[in-house]
Amino acid sequence: MMVATAAACGDSGGDGAAGGGDDAIVLGFSQVGAESGWRTANTKSVQDSAKEAGITLQFADAQQKQENQIKAIRNFIAQQVDVIAFSPVVESGWDTVLKEAKDADIPVILTDRAVDSADETLYETFIGSDFVKEGRLSGEWLVQEFADNPGPVKIVELEGTTGSAPANDRKQGFGEAIAADPKFEIIASQTGEFTRAKGKEVMEAFLQAHKDIDVLFAHNDDMGLGAIEAIEAAGLVPGQDITIITIDAVRDGMQALADGKINFIAECSPLLGPQLMELVKQVHAGETVPKRVVTEETTFTQEQAKEALPTREY
Ligand code: AHR
């Protein structure tokens, strides 16, 4: 199906088309934004994979705003793209626009983040990580690492974007794991919006309010990296005075882990592009696809980061 690129771009910001010929499948993709190293790697993976698969990509950057995503999805529907994929900024509030896509017979694929719609017929499949597991693995590592520490162990938490699936789920998984021992106490928890700048700002406030922080759990590497700047500026040694756990394992995070400034990272892979394009082709061909496709991931200690860094893709 052919669509006019300019019209499909609408005013959702930062759009562009890539790949495909006249007969190519047209995929409308609404991205969260460019808030983190993870997101940049994810966008590149989607764009490169579309090109490789010969799929014409209509790309819209929502700049972390749900209203921009809804507008972009409506533009895709108006242009009658073949398939819509999007990474929802937050979990709630999608039913109306998803119903509009369904009524227009355009299949929708959720990528990276889930929605909380009770009606699962509103989308074909959801491909992405198990965020609860990432939080749980982080908490389990902490419980083991502090097994001989009598406590109390005072933890501060930098949460991701409020209302987003990774913030909700990582908090849940981590909380369940540390509940194993009452000596673990989350003394402060606030959003750092998944960005380095906000991570730094919130950590500065945590350090001013609490003199006895033992552990930082940051929902992504970027916030952890911002927090490291705040910790160093306060005259403390990250990774030693404060144990730091993050999620993602992007290159900058892995470097900080190898350098001893972060203590543990649970991986969240941004390389969803190739699998997403396969699903797009299958859904477009009317094939049945699994309702949930979970990304395979691992965890990294400081020693493992040193080994993995030379061949790290992102
Ligand atoms: O949804 C995935 C999360 O979003 C990544 O962990 C984070 O870095 C990004 O901004």
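It should be noted that the structure appears before, not after, this text.
Throughout what follows, the structure given in this document is the object of discussion. (Residues numbered from 1 in each chain as written. Predicted model: local features only at pLDDT ≥ 70, side-chain atom pairs only at ≥ 80, totals over all residues. Heavy atoms only, no water.)

### Focus on a negative patch on the surface
Line of reasoning, step 1. A surface patch of like charges, here negative, comprises Asp95, Asp116, Asp119 and Glu120.
Line of reasoning, step 2. Within the secondary structure, Asp116 is located in the loop between β5 (108-111) and β6 (125-128). (Patch = residues over 30% accessible without salt bridge, like charges linked within 9 Å, V, L, I, M, F, W, Y side chains within 5 Å. Areas by Shrake-Rupley, 256 points an atom, 1.4 Å probe, with all protein chains shown as cover. Salt bridge = Lys/Arg side-chain N within 4 Å of Asp/Glu carboxyl O. Lys, Arg positive; Asp, Glu negative; His and termini not counted. Charge placed at Lys NZ, Arg CZ, Asp CG, Glu CD. Helix = DSSP H or I, 4+ residues; strand = E, 2+ residues; numbered from the N terminus.)

### Focus: the nonpolar core
Line of reasoning, step 1. Leu158, Met203, Phe206, Leu216, Ile242 and Met254 are the most contacted members of the largest nonpolar core, which totals 30 residues.
Line of reasoning, step 2. Secondary-structure elements contributing two or more residues to this core are β7 (153-159), α7 (196-209), β9 (215-218), α8 (221-233), α9 (251-258) and α11 (302-308).
Line of reasoning, step 3. The biggest single contributor to this core is α8, with six residues.
Line of reasoning, step 4. Setting aside chain neighbours within four positions, we find Ile242 in contact with Met203, Leu207, Ile213, Asp214, Val215, Leu216, Ile231, Leu236, Val237 and Asn263.
Line of reasoning, step 5. Listed in part, the 22 residues of the second largest apolar core include Phe76, Trp94, Leu110 and Leu122. (Core = buried A, V, L, I, M, F, W, Y, C linked by side-chain atoms within 4.5 Å. Buried < 20%, exposed > 50% of the residue type's maximum accessible area, 1.4 Å probe, protein only. Contact = heavy atoms within 4.5 Å.)

### A few points about the site of the ligand
Line of reasoning, step 1. Taken together, Glu35, Ser36, Trp38, Arg39, Asp112, Arg113, Phe131, Pro166, Arg170, Phe194, Asn220 and Asp248 form the complete shell of residues around the ligand.
Line of reasoning, step 2. In the environment of the ligand, an oxygen atom lies 2.8 Å from a nitrogen or oxygen atom belonging to the side chain of Asp112.
Line of reasoning, step 3. Burial of the ligand by the protein amounts to 100% of the accessible area it has alone, namely 280 Å².
Line of reasoning, step 4. The pocket occupied by the ligand, as judged from atoms lying within 2 Å of grid points, is the largest cavity.
Line of reasoning, step 5. Elements supplying a minimum of two residues to the shell around the ligand: α2 (37-53) and α6 (165-178). (Near = heavy atom within 4 Å. Polar contact = N/O pair within 3.5 Å; in protein donor to acceptor, adjacent residues only side chain to side chain. 1 Å grid on protein atoms, 1.4 Å probe; cavity = no way out; pocket = protein on both sides within 12 Å on 5 of 7 lines; lining within 4 Å. Sits in = over half its atoms within 2 Å of the grid points.)

### Topic: the pattern of salt bridges
Line of reasoning, step 1. Throughout the structure, instances matching the rule amount to 21 salt bridges.
Line of reasoning, step 2. Where Asp112 meets Arg39, a salt bridge forms, and the shortest distance between an N and an O atom there is 2.9 Å. Residue Asp112 is located in the loop between β5 and β6, and its partner Arg39 is located in helix α2; the two are separated by 73 residues in the primary sequence.
Line of reasoning, step 3. What makes Asp112 buried here is its relative accessible area of 3%.
Line of reasoning, step 4. Note on Arg39: relative accessible area 2%, which makes it buried.
Line of reasoning, step 5. In this structure, the salt-bridge partner of Asp103 is Lys99, at a minimum N-O distance of 3.4 Å. Taken together, the residues Asp103 and Lys99, both in helix α4 (residues 95-103) and four residues apart, mark about one turn of the helix.

### What to know about the layout of surface pockets
Line of reasoning, step 1. Considered as a void within the structure, the largest pocket measures approximately 260 Å³ in volume.
Line of reasoning, step 2. What lines the largest pocket is a set of 14 residues, and nearest its centre among them are Lys44, Ser45, Asp48, Ser49 and Pro274.
Line of reasoning, step 3. Where the lining of the largest pocket is concerned, the elements lending two or more residues are α2 and α10 (273-284).
Line of reasoning, step 4. A breakdown of the residues in the lining of the largest pocket according to their chemical character gives six nonpolar, two polar and six charged. (Points joined across faces, edges and corners; volume = space filled by probe spheres on them. Nonpolar A, V, L, I, M, F, W, Y, C, P; charged D, E, K, R; others polar.)

In short, the description is geometric, and any link to function would need to be established separately.
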